Amino acid sequence: MTQSGQAGLKVLIADDTNTDRLILESIVKKEGHRVVSARDGEEAVAAFQRERPDVVLLDALMPKLDGFGAARQIKALAGEALVPIIFLTSLTDTESLVECLDAGGDDFLSKPYNRFILQAKIKAFNRMREMHATMLAQRDQIARHNDHLMQEQAVAKQVFDNIAHTGCLDASNVKHYLSPLAVFNGDVLVAAIRPAGSMIVLLGDFTGHGLPAAIGAMPLASTFYGMAQKGFTLTDILREINQKLKAILPVGVFCCATIVDINFRKQRLKVWNGGLPDCFLLRCDSGEVEAIRSTHLPLGVLANKDFKDDCKHFELNPGDRLYMWSDGIHEARNSAGEMFGEDRLKATFADNRDPEQLFEQILGRVQGFIGDGERDDDLSLIEVKVELPQGFESRERDACAGEGQGLVEWSLDFEVKQASFRFFDPLPVLLNILVEVPGLRQHSGTLYTILSELYSNALEHGVLGLDSKLKSTPQGFSEYYQLRAKCLEQSGRGFVRFHFSHATADDGGSLTIRVTDSGPGFDHAAKIGGDQPLKGYSGRGIPLIRTLCRSLQYLGNGNQVEVVFCWDNDSWGAPP
Amino acid sequence: MAAQNPVDSETLATLKEVMEGDFQLLIDTFTSDADQRLTDLRELLARRDAGQLRACAHSFKGSCSNIGAPQLAQLCARVEDKAAVGELDVEPLLDAIEREYGAVREALAGL
């Protein structure tokens, strides 16, 4: 290997004087190098091509082709590789020396030759040659890595675009701007029209840059579109995304986000802002701007039990405009390193005379401000103009009309028979179906409580005929459960039957649950009269169910109970 | 000209060390080169070819200095310088070179 150490280099010596060449050959060989000899410039070039020596020693004045011409050709042949050329010369005038350098010479050795100086020069140039080779190799490696990275980014962007597509960002009342590679700066913008007709828009900004910032955008977008299309509410979507991000993102990576639901029919706006700059609501009539502050922690920080999904509500009028942005706008820097800042943003709003031009003005001012300054390339901006429901168009809106909107029209009968009572718990199965209903997911805890009370009443008091009075003393309590276990072992024709039916409203719905058991029933009119609270009829959880449901009534001979649970996607907390 | 030693013993000692077994080959090569150079110089002068005369003297100067014959190298340098400016009255210098070379060859042969 000529690369390692000073020994073992291949040295080309070109000199037309036999005496001088002989001396040089001996000096070079004595150092352990191999020698290739040439007697004129033409031979030297041919030998270089053939042997690819590591160092070249060239006499300046030679027949046929002189040292200058040979040096030029050799340097051209060497290309990017560094092949040190040392001129052998007894020329001493400056002009000749300059000519040597111009031709590509790296150094001189004058006659009479000094063995030690020549050896030192070969060593020094070999070190330089090795460094140059290392640098070239590393440069090529960096270039290859960079190519690879760019290719990966292109593929990743393609995948991301397929997942995040543009949703309803094409709607005629929406203007948006995302820098070309904004996804690799962690910005994500998704928008969809829910089956009920409202528009949901989410603008997110993941911490960090590059792939780590972009990767969280994938599950965010797929969750967003999957759920919005099925008609899940803003809160459902928000909670699901938060939980997903919390589970998959490493500590310290999270997503500042603003999510809005614009109900064009009711002319209402719901906003949740977790960590993004204030969004602006520009009023059409007064020209005033309402800033909507962040009041939450970003997505992916809190576990769902601590997560707060309360939103701010605004009444809207046609012509109002909502502006959302990531901090790329505020932090855009000019060549002096100064940031665009909120004051300039506010001034842009104040200076505006025609709201139709405002979006372009904001973008124009920010880009004008950056000028030739360093482009951070993560400007994300969206404007949504409030219209009446038929006042705007979107491909997605047309596409989703009549499409599946999740579980919106259905009923279900489910019967558990005697042999299954001991081993089978119907509640998880039923709950799984119920949370597929748009809007019901957030109420799954309440539904579980209602169902479990109704089921245990039907099974224990209805089918098995156990007396709940037993449970009033500790002794009776354990007797009750012994009895229950015994009864369950018996065979028989008992059953508990569930019937669900569901009706949707514009922004909510009602779920009717009827539970029938195979038991003889009881005198419900006497025991649970009207709105009367429980009268010594312990257990049965009836008062609890009454607080959770709109209505509860026993039917027939008392082996049938029907409750109606209502919810409103626009309201928060317990349903009415 | 002062009776200086035509060859530099220190240079030759170094060469001997470097060349080892090839030392005699070096001496032989130098003498045959030099014989050719002398003939060439005379011929070029006869042809009044200043450019070639200059190049030839230059090359000869280089090998003389390498072999350790400083006076001979100096004479060559004077021919080179004159030829460079087109002064071709170098006949006496060529005679001097021939004499000096004779001394050098004798000294080398006696090593």
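Quick caveat, the model's predicted, so the values are computed rather than measured.

What is the right way to read the overall build of chain A from this model?
Secondary structure summary: chain A contains 18 helices and 20 strands in total. The buried share of chain A, taken over its 576 residues, is 38%. In chain A, of all internal contacts separated by at least 6 residues, the share reaching a separation of at least 24 is 67%.

Honestly, the packing of helix α2 (residues 23–46) of chain B against helix α5 (residues 91–109) of chain B in this entry has me stumped. Any pointers?
Each pair of packed helices can be described by the angle between their axes along with the distance between the axes. Residues and elements named next belong to chain B. Two elements in contact, α2 and α5, have axes separated by 11 Å at closest approach and are oriented at 170°. In terms of orientation, α2 lies roughly antiparallel with respect to α5. Seen from α2, the contacting residues are Ile27, Thr31, Ala34, Leu38, Leu41, Arg42 and Leu45; seen from α5, they are Glu91, Leu94, Glu98, Tyr101, Arg105 and Leu108.

In this structure, what is going on with the sheet that holds strand β3 (residues 55–59) of chain A? I would like to understand it.
Where strands meet in a sheet, backbone hydrogen bonds hold them as pairs that are either parallel or antiparallel. All names here are of chain A. Strand order across the open sheet formed by 5 strands is β2-β1-β3-β4-β5, with parallel pairing between neighbours. Edge positions in the sheet fall to β2 (34–38) and β5 (107–110), since each has one partner strand and no second. Going across the sheet, the axis of each strand differs from the next one's by a mean of 20°, ignoring polarity. Two strands pair when backbone bridges link them, and strand β1 (residues 10–14) and β3 are joined in this way by 4 bridges, in the parallel orientation. Bridge pairing in β3 links Leu12 to Val56.

Explain the pairing of strand β14 (residues 321–325) of chain A here, please?
Every other side chain in a regular strand lies on the same face of the sheet, so the side chains alternate between the two faces. Residue and element names in this part refer to chain A. Of all 5 residues making up β14, 5 are buried, and the element is well covered by its neighbours. Burial of β14 is two-sided: the residues Arg321, Tyr323 and Trp325 facing one way and the residues Leu322 and Met324 facing the other way are all buried. By the bridge criterion, 3 bridges tie strand β11 (residues 279–282) to β14 in an arrangement that is antiparallel. In the sheet register, Leu281 faces β14, and the bridge partner there is Leu322. Pairing between β14 and strand β15 (residues 380–385): 5 bridges, direction antiparallel. Bridge pairing in β15 links Tyr323 to Glu383.

Mind showing me how you'd approach the sheet that holds strand β17 (residues 495–505) of chain A here?
Residue and element names in this part refer to chain A. Judged by pairing direction, the sheet is antiparallel, and its 5 strands sit side by side in the order β16-β17-β18-β20-β19 without closing on themselves. With one partner strand each, in any of the chains shown, β16 (411–417) and β19 (551–555) form the two edges of the open sheet. Adjacent strand axes in the sheet meet at a mean angle of 15° when their direction is disregarded. Of the pairings in the sheet, the one linking β19 to strand β20 (residues 560–568) comprises 5 bridges and is antiparallel in character. Opposite Tyr554, over in β20, you have Val561 as the bridge partner.

What's the story with the interface of chain A and chain B in this structure? I'm lost.
Reports often express the size of an interface as the amount of accessible area lost when the parts come together. Contact residues are listed per partner, giving 16 residues for chain A and 19 residues for chain B. At 8 residues, the largest contribution of residues to the side of chain A that touches chain B is made by helix α1 (residues 18–30) of chain A. Of the residues in the side of chain A that touches chain B, the class split is 6 nonpolar, 5 polar and 5 charged.

Hey, could you run me through unusual backbone geometry in this one?
Among all residues except glycine, the phi angle is most often negative; among peptide bonds, the trans geometry is most common. Cis geometry marks the peptide bond from Lys111 of chain A to Pro112 of chain A, where omega comes out at -5°. Among the structural elements, Pro112 of chain A can be located in the loop between β5 and α5 (115–164). Despite not being glycine, Glu20 of chain B shows a phi value in the positive range, around 50°. With respect to the secondary-structure elements, Glu20 of chain B resides in the loop between α1 (9–19) and α2.

Got a minute to help me understand the nonpolar core in this structure?
A general trend in soluble globular proteins is that nonpolar side chains are found buried together. Core analysis: the largest hydrophobic core is formed by 73 residues, its most contacted members being Val190, Ala191, Ala192, Ile200, Val201 and Phe224 of chain A. Among the elements that take part in this core, helix α7 (residues 217–230) of chain A stands out by supplying 7 residues, more than any other. Core analysis: the next-biggest nonpolar cluster, separate from the first, contains 62 residues, Val28, Leu61 and Ile122 of chain A together with Phe30 of chain B among them.

How should the environment of Asn352 of chain A be read in this particular structure?
Tracing the chain through its elements places Asn352 of chain A in the loop between α10 (341–351) and α11 (355–370). Not counting chain neighbours up to four residues away, the residues in contact with Asn352 of chain A comprise Gln357, Leu358 and Gln361 of chain A.

When you look at the confidence of the model for chain B in this model, what are you seeing that I'm missing?
Any region with low pLDDT has predicted coordinates that should not be read closely. Residue and element names in this part refer to chain B. When pLDDT is averaged across chain B, the result is 91; 97% of the residues are at 70 or more. When the elements of chain B are averaged for pLDDT, α1 gives the smallest value, 89, and α2 the largest, 94. Scored by ipTM, the complex comes to 0.92, with pTM at 0.56.

How do you make sense of helix α2 (residues 41–51) of chain A when you look at a structure like this?
Since there are 3.6 residues in each turn of an α-helix, residues three or four apart along the chain are aligned in direction. Residues and elements named next belong to chain A. Of all the positions in α2, only Gly41, Ala44, Val45, Ala47 and Phe48 are classed as buried. Projected down its long axis, α2 carries its buried residues within an arc of 165°, all on one side. Facing away from the buried side of α2, by more than 90 degrees, are the exposed residues Ala46, Gln49 and Arg50. On its buried face, α2 is in contact with β1, β2, β3 and α3 (67–78).

Any chance you could explain the environment of Asp49 of chain B here in plain terms?
Considering the arrangement of structural elements, one finds Asp49 of chain B in the loop between α2 and α3 (50–67). For the pair formed by Asp49 of chain B and Leu88 of chain B, sequence separation is 39 residues and the distance between their alpha carbons is 8.9 Å.

I keep staring at α2 of chain B and nothing clicks. Help me out?
Under the 1.5 Å per step criterion, the end-to-end length of α2 of chain B is 35 Å for 24 residues, consistent within 8% with the ideal 34 Å. All buried positions along α2 of chain B are accounted for by Leu26, Thr29, Phe30, Asp33, Ala34, Arg37, Leu41, Leu44 and Leu45 of chain B. Residues of α2 of chain B that are buried in the fold lie against α1 of chain A together with α1, α3 and α5 of chain B. Following α2 of chain B by one or two positions, Arg48 of chain B adopts a phi angle in the positive range, close to 55°.

Conventions used here
- Residues numbered from 1 in each chain as written.
- Chains lettered and ligands numbered in written order.
- Predicted model: local features only at pLDDT ≥ 70, side-chain atom pairs only at ≥ 80, totals over all residues.
- Helix = DSSP H or I, 4+ residues; strand = E, 2+ residues; numbered from the N terminus.
- Buried ≥ 20, exposed ≤ 12 C-beta atoms within 10 Å, placed from the backbone.
- Contact = placed C-beta atoms within 7 Å.
- Axes fitted to C-alpha atoms, helices over the stretch in contact; angles between N-to-C directions.
- Parallel < 35°, antiparallel > 145°, perpendicular 65-115°, else oblique.
- Pairing = 2+ DSSP bridges.
- Nonpolar A, V, L, I, M, F, W, Y, C, P; charged D, E, K, R; others polar.
- Core = buried A, V, L, I, M, F, W, Y, C linked by C-beta atoms within 7 Å.
- pLDDT = per-residue confidence, 0-100.
- Arc of directions from axis to C-beta.
- Expected span 1.5 Å × (residues − 1).

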